Amino acid sequence: MSKLGTKNKPAVVKVQTEERAMEIMALCNAKGWQVVVGIEPDEAENINDIKKLGMDKKKAFSFSSLPSRNAPCPCGSSKQYKRCCGN
């Protein structure tokens, strides 16, 4: 399974104007993210993939002591800590 924002799984975005598309492309290029931007004036803007990329789940929480390796990850991903933020 590829990570979002890479060549194998680019972020997909819908915007209404070309100016907004250029803004999104500039942001993604600065961050090194791969993105596919569609300009659709009649539909609502959808930038959820960019929002997901912008969130750093390792900084979204803090804990005083590390959980055990096999405990659920405190970030809420429903994975084991060793397979998620424990890497």
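Small disclaimer: the values here were computed from a predicted structure and weren't measured.

**Brief notes about the nonpolar core**
As a rule of thumb, nonpolar side chains are buried together in soluble globular proteins.
Line of reasoning, step 1. The biggest cluster of nonpolar side chains holds twelve residues, and these are L4, A11, V13, V15, A21, I24, C28, W33, V35, I47, I50 and L53.
Line of reasoning, step 2. Of all the elements in the fold, those that place two or more residues in this core are strand 1 (11-15), helix 1 (18-31) and helix 2 (48-54).
Line of reasoning, step 3. When near neighbours in sequence (up to four residues on either side) are disregarded, W33 contacts G5, C28, I50, L53 and G54.

**Thoughts on the confidence of the model for the protein chain**
Line of reasoning, step 1. Overall, the predicted model of the protein chain reaches an average pLDDT of 81, with 85% of residues at or above 70.
Line of reasoning, step 2. Averaged pLDDT values for the elements of the protein chain fall to 85 in helix 2 and rise to 94 in strand 2 (residues 35-39).
Line of reasoning, step 3. Long-range and interchain partners of residues 58-63, a stretch whose pLDDT sits below 50, account for seven contacts in this model, where long-range means more than four residues apart.

**As for the pattern of salt bridges**
Line of reasoning, step 1. Considering all chains together, one arrives at three salt bridges under this definition.
Line of reasoning, step 2. E43 is paired through a salt bridge with K14; the nearest N and O atoms lie 3.2 Å apart. Placement of the pair is E43 in the loop between strand 2 and helix 2 and K14 in strand 1, with a sequence separation of 29 residues.
Line of reasoning, step 3. Two residues, R20 and E45, come together in a salt bridge whose shortest N-O distance is 2.9 Å. Of the two residues, R20 is situated in helix 1 and E45 in the loop between strand 2 and helix 2; the sequence distance between them amounts to 25 residues.

**Quick notes on the side chain of D49**
Line of reasoning, step 1. Of note, D49 is situated in helix 2.
Line of reasoning, step 2. Of the side chains with opposite charge, K52 comes closest to the buried, unpaired D49, at an N-O distance of 4.0 Å.
Line of reasoning, step 3. From its side chain, D49 meets the backbone nitrogen of V12 in a polar contact 2.9 Å long.
Line of reasoning, step 4. The contact partners of D49, leaving out residues within four places of it in the chain, are L4, A11 and V12.

**What about unusual backbone geometry?**
With the exception of glycine, most residues fall at negative phi, and the peptide bonds are largely trans.
Line of reasoning, step 1. Look at S78: it is not a glycine, yet its phi comes out positive at around 65°.
Line of reasoning, step 2. With respect to the helices and strands, the residue S78 is situated in the segment after helix 2.

**Section: the pairing of strand 1**
Two faces belong to every sheet, and in a regular strand the side chains alternate between them.
Line of reasoning, step 1. Of the two faces of strand 1, only one is covered, namely that formed by A11, V13 and V15; the face formed by V12 and K14 stays uncovered.
Line of reasoning, step 2. Summarising the sheet, strand 1 and strand 2 pair through five bridges and their orientation is parallel. Among the inter-strand pairings, V13 is bridged to a residue of strand 2, identified as V37.
Line of reasoning, step 3. Note that the unit made of strand 1, helix 1 and strand 2 has a crossover that is right-handed.

Conventions adopted
- Residues numbered from 1 in each chain as written.
- Predicted model: local features only at pLDDT ≥ 70, side-chain atom pairs only at ≥ 80, totals over all residues.
- Heavy atoms only, no water.
- Core = buried A, V, L, I, M, F, W, Y, C linked by side-chain atoms within 4.5 Å.
- Buried < 20%, exposed > 50% of the residue type's maximum accessible area, 1.4 Å probe, protein only.
- Helix = DSSP H or I, 4+ residues; strand = E, 2+ residues; numbered from the N terminus.
- Contact = heavy atoms within 4.5 Å.
- pLDDT = per-residue confidence, 0-100.
- Salt bridge = Lys/Arg side-chain N within 4 Å of Asp/Glu carboxyl O.
- Lys, Arg positive; Asp, Glu negative; His and termini not counted.
- Polar contact = N/O pair within 3.5 Å; in protein donor to acceptor, adjacent residues only side chain to side chain.
- Pairing = 2+ DSSP bridges.
- Right-handed = clockwise from strand over helix to strand, strands pointing away.

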